[in-house]
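Residue-level listing of the chains:
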Amino acid sequence: MSNHEHKDNSHRSAMKSGMSRRQFLSYTLGGAGAFMAAGMSLPMIRFAVDPILKKKAGGTWIKVVEASKITNEPQEFKFKIHQVDGWYVSDPELTAWISKDDQGNAFALSPICKHLGCTIAWNTEKNNEYVCPCHNAHYTKDGKNLVVAPKPLDEYDLKIENDWVYLGPVKANTRVV
Amino acid sequence: MLKGVYNWIDERLDITPMWRDVADHEVPEHVNPAHHFSAFVYCFGGLTFFITVIQILSGMFLTMYFVPDIINAYKSVDYLQHKVAFGGIVRGMHHWGASLVIVMMFLHTLRVFFTGSYKAPREMNWVVGMLIFFIMLGLGFTGYLLPWDNKAYFATKVGIQIAESVPYIGTYIKELMQGGEIVGAETLTRFFAIHVFFLPGALLALLAAHFFMIRKQGISGPL
């Protein structure tokens with residue numbers, strides 16, 4: 001490229017503007033080429049990054065169990081959520097451990113261990129703690145991590161309406177400070 | 001900045017002669033549309049390659065969403081076309097490009113034929129071009145099945161029936177293409193593999209040979 005520009009410098013005196021004919025043509029061709037390349041590649045790039053730009057579906061409330069069935073002792077409840085995964089629509093079953101605290105407020109914990117994601121269960125070692133079978137992580141009734149796990153158990157959004165317990169999306173534990 | 005990067009690499013690897021060897025060659029007057037407008041017919045080969053590049057790129061992007069499976073193929077195509085941003089455009093590029101590449105290739109072949117460019121010493125390049133032509137037809141045939149809709153299914157059925165009419169070995173060809181006894185799950189995965197791996201691989205190798213020969217022998221002389 002630069003070699004050609006040197007050649008053209010001898011003609012420059014005859015030109016009205018500072019731009020050589022070669023330079024003008026390469027800008028024009030380069031611009032048109034870039035425009036065409038962009039027209040070709042931008043749709044494909046937008047197509048590829050669509051997952052991060054898609055609106056996330058807002059959390060919905062799922063009716064899980066009558067409020068009267070919730071006890072101070074954590075109990076396991078299964079419920080189904082409606083999941084649209086691209087072209088695959090399914091209703092996978094989720095699990096929540098629901099109990100009441102000393103003030104009588106119900107709360108629901110996710111059973112997924114914060115260590116490596118195994119499924120925890122209540123009181124399997126008769127010590128009133130959540131225990132993970134994989135690496136023996138322990139949590140209190142509020143989900144506070146005692147050993148092994150680095151974080152407290154996640155919590156489901158929970159509301160009680162007309163004596164029914166509804167669960168929403170999973171969030172970080174709010175009960176353990 | 002860009003120039004700096006280029007110079008830094010060039011000092012170490014001396015890349016200038018490489019691209020100069022590819023890019024700097026004179027276009028003979030008789031193939032330059034600036035001299036004789038009718039020389040635009042010499043552009044068809046390049047245009048075929050340009051559309052082939054678009055086909056490869058849009059195809060790569062389509063496989064981000066497409067699933068070669070009889071349950072999900074149609075659903076995933078429907079999803080990428082209607083739910084993914086610019087899905088209609090990216091699939092449209094691949095769909096229309098497929099036809100356009102055949103048209104351009106045909107025009108390129110006509111030009112080579114009517115300018116007699118296939119004659120000695122360029123016979124081998126004609127043969128390679130013909131192989132590319134059949135690879136392209138194969139890409140069109142295998143790609144047509146992938147959306148797994150009615151049109152795709154019956155077009156493939158008919159195509160395979162034509163292949164079956166070959167004497168003696170017809171039924172073997174049919175079963176080999178189908179990957180089983182019916183046009184079904186195994187046909188779809190098989191056609192997908194051929195469409196995205198085998199034929200494009202062969203195509204790139206043949207294109208390399210095509211371009212190498214045209215640079216080595218130069219473009220054929222004026223009529």
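Given the structure is predicted, the values throughout are model-derived calculations rather than measurements.

Draft legend 1. Main features of the overall build of chain A. The helix and strand tally for chain A stands at three helices and twelve strands. Radius of gyration (C-alpha) of chain A: 31 Å, far over the 16 Å computed for a compact globule of 177 residues. Seen along its three principal axes, the alpha-carbon backbone of chain A occupies a region of about 95 × 35 × 30 Å. Within chain A, buried positions represent 30% of all 177 residues. Taking as baseline every contact in chain A between residues at least 6 positions apart, the subset at least 24 positions apart corresponds to 42%. Of the roughly 11,400 Å² that chain A leaves accessible, carbon and sulfur atoms contribute 56%. Of note, chain A has its 22 positive side-chain charges centred 14 Å away from the centre of its 19 negative side-chain charges.

Draft legend 2. Highlighting the state of the cysteines. All names here are of chain A. Tallying each qualifying case throughout the model produces one disulfide over all chains. For Cys-118, the disulfide goes to Cys-134, at an S-S distance of 2.1 Å. Its S-S torsion of approximately -100 degrees makes the covalent link between Cys-118 and Cys-134 left-handed. Taken together, the residues span a long stretch of sequence, with Cys-118 in the loop between strand E6 (106-109) and strand E7 (121-122) and Cys-134 in the loop between strand E8 (130-131) and strand E9 (138-139) at a distance of 16 residues.

Draft legend 3. Looking closely at the interface of chain A and chain B. In this complex, chain A contributes 16 residues to the contact, which on the side of chain B involves 26 residues. The contact between chain A and chain B buries some 1,800 Å² in all, and 74% of this surface belongs to carbon and sulfur atoms. The largest contributions to the chain A side of the interface with chain B come from Met-44, Phe-47 and Trp-87 of chain A, which together make up 46% of the buried area. Taken together, the links from chain A to chain B amount to zero salt bridges. Across the contact surface, chain A and chain B share four residue pairs in polar contact (both at pLDDT 80 or more). Sorting the residues of the side of chain A that touches chain B by element identifies helix H1 (2-9), helix H2 (21-48) and helix H3 (50-53) of chain A as the ones contributing at least two each. When residues of the side of chain A that touches chain B are assigned to their parent elements, the largest contribution, seven residues, is made by H2 of chain A. Along the lines of polarity and charge, the residues of the side of chain A that touches chain B split into nine nonpolar, four polar and three charged.

Draft legend 4. Quick look at the sheet that holds strand E12 (residues 164-171) of chain A. Residues and elements named next belong to chain A. Strand order across the open sheet formed by six strands is E1-E12-E11-E6-E5-E2, with antiparallel pairing between neighbours. Either end of the sheet is taken by a strand with one partner, and the two such strands are strand E1 (62-66) and strand E2 (75-80). Strand-to-strand twist of the sheet, defined as the mean angle between neighbouring strand axes without regard to direction, takes the value 35 degrees.

Draft legend 5. Here's a closer look at the packing of aromatic side chains. Residues and elements named next belong to chain B. If you walk through the whole model with that rule in mind, you get 17 aromatic pairs over all chains. Each ring, one from Phe-37 and one from Phe-40, has its centre 5.3 Å from the other, and the planes form 40 degrees; the classification is tilted. Accessibility expressed as a relative area gives 63% for Phe-37, which makes it exposed. With 6.2 Å between their ring centres and 90 degrees between their planes, Phe-40 and Phe-44 make a pair best called edge-to-face.

Draft legend 6. Representation of the domain arrangement of chain A. Entries for chain A in the domain assignment read domain 1 (3-51) and domain 2 (62-171). Between the C-alpha centres of domain 1 of chain A and domain 2 of chain A there is a distance of 61 Å.

Draft legend 7. Geometry of the UniProt feature "transmembrane region" (unreviewed entry) in chain B. Residues and elements named next belong to chain B. Mapped onto this numbering, the UniProt entry annotates "transmembrane region" (unreviewed entry) at residues 39-67, 96-114, 126-146 and 192-214. In residues 39-67, helix accounts for 66% and strand for 0%; the two terminal C-alpha atoms are 44 Å from one another. Spanning residues 192-214, this segment combines 100% helix with 0% strand, and its end C-alpha atoms are found 32 Å apart.

Draft legend 8. Representation of unusual backbone geometry within the structure. All names here are of chain B. Between Ala-120 and Pro-121 the backbone carries a cis peptide bond, its omega angle lying at 5 degrees. Along the chain, Pro-121 falls in the loop between helix H5 (87-114) and helix H6 (123-145). Although it is not a glycine, Phe-86 sits at a positive phi angle of roughly 60 degrees. Accessibility expressed as a relative area gives 38% for Phe-86, which makes it partly exposed.

Draft legend 9. Structural context of the sheet that holds E7 of chain A. All names here are of chain A. Here four strands make up an open sheet; going across it, the order is E7-E8-E9-E10 and the pairing antiparallel. Edge positions in the sheet fall to E7 and strand E10 (145-147), since each has one partner strand and no second. With two bridges joining them, E8 and E9 adopt antiparallel strand pairing. If you follow Tyr-130 over to E9, its bridge partner there is Tyr-139.

Draft legend 10. Here's a closer look at the confidence of the model for chain B. Averaged over chain B, the pLDDT score is 95; the fraction of residues at 70 or greater is 100%. As a predicted assembly, this complex carries a pTM of 0.83 together with an ipTM value of 0.85.

Draft legend 11. Local environment of the UniProt feature "transmembrane region" (unreviewed entry) in chain A. The sites that UniProt annotates as "transmembrane region" (unreviewed entry) are residues 24-45 of chain A. As a span, residues 24-45 of chain A carries 100% helix and 0% strand, and end to end its C-alpha atoms are 30 Å apart.

Draft legend 12. Spotlight on the UniProt feature "domain: Cytochrome b/b6 N-terminal region profile" (unreviewed entry) in chain B. The UniProt record annotates "domain: Cytochrome b/b6 N-terminal region profile" (unreviewed entry) at residues 5-223 of chain B. For residues 5-223 of chain B, helix accounts for 70% and strand for 0%, while the C-alpha atoms at its two ends are 45 Å apart.

Draft legend 13. Main features of the nonpolar core. Ranked by size, the top nonpolar core spans 15 residues in total, and within it Val-128, Ile-132, Ile-135, Met-136, Leu-139, Leu-203 and Leu-206 of chain B carry the most contacts. Elements with a contribution of two residues or more to this core: helix H3 (44-62), H5, H6 and helix H9 (185-217) of chain B.

Cut-offs used in this document
- Residues numbered from 1 in each chain as written.
- Chains lettered and ligands numbered in written order.
- Predicted model: local features only at pLDDT ≥ 70, side-chain atom pairs only at ≥ 80, totals over all residues.
- Heavy atoms only, no water.
- Helix = DSSP H or I, 4+ residues; strand = E, 2+ residues; numbered from the N terminus.
- Rg over C-alpha atoms; globule rule 2.2 N^0.38 Å.
- Buried < 20%, exposed > 50% of the residue type's maximum accessible area, 1.4 Å probe, protein only.
- Contact = heavy atoms within 4.5 Å.
- Areas by Shrake-Rupley, 256 points an atom, 1.4 Å probe, with all protein chains shown as cover.
- Lys, Arg positive; Asp, Glu negative; His and termini not counted.
- Charge placed at Lys NZ, Arg CZ, Asp CG, Glu CD.
- Disulfide = S-S within 2.5 Å.
- Buried area = accessible area lost by both parts, 1.4 Å probe.
- Salt bridge = Lys/Arg side-chain N within 4 Å of Asp/Glu carboxyl O.
- Polar contact = N/O pair within 3.5 Å; in protein donor to acceptor, adjacent residues only side chain to side chain.
- Nonpolar A, V, L, I, M, F, W, Y, C, P; charged D, E, K, R; others polar.
- Pairing = 2+ DSSP bridges.
- Axes fitted to C-alpha atoms, helices over the stretch in contact; angles between N-to-C directions.
- Phe/Tyr/Trp six-rings, centres within 6.5 Å; stacked < 30°, edge-to-face > 60°.
- Domains from an automatic or database assignment.
- UniProt positions renumbered as here; feature names shortened; annotations may be inferred.
- pLDDT = per-residue confidence, 0-100.
- Core = buried A, V, L, I, M, F, W, Y, C linked by side-chain atoms within 4.5 Å.

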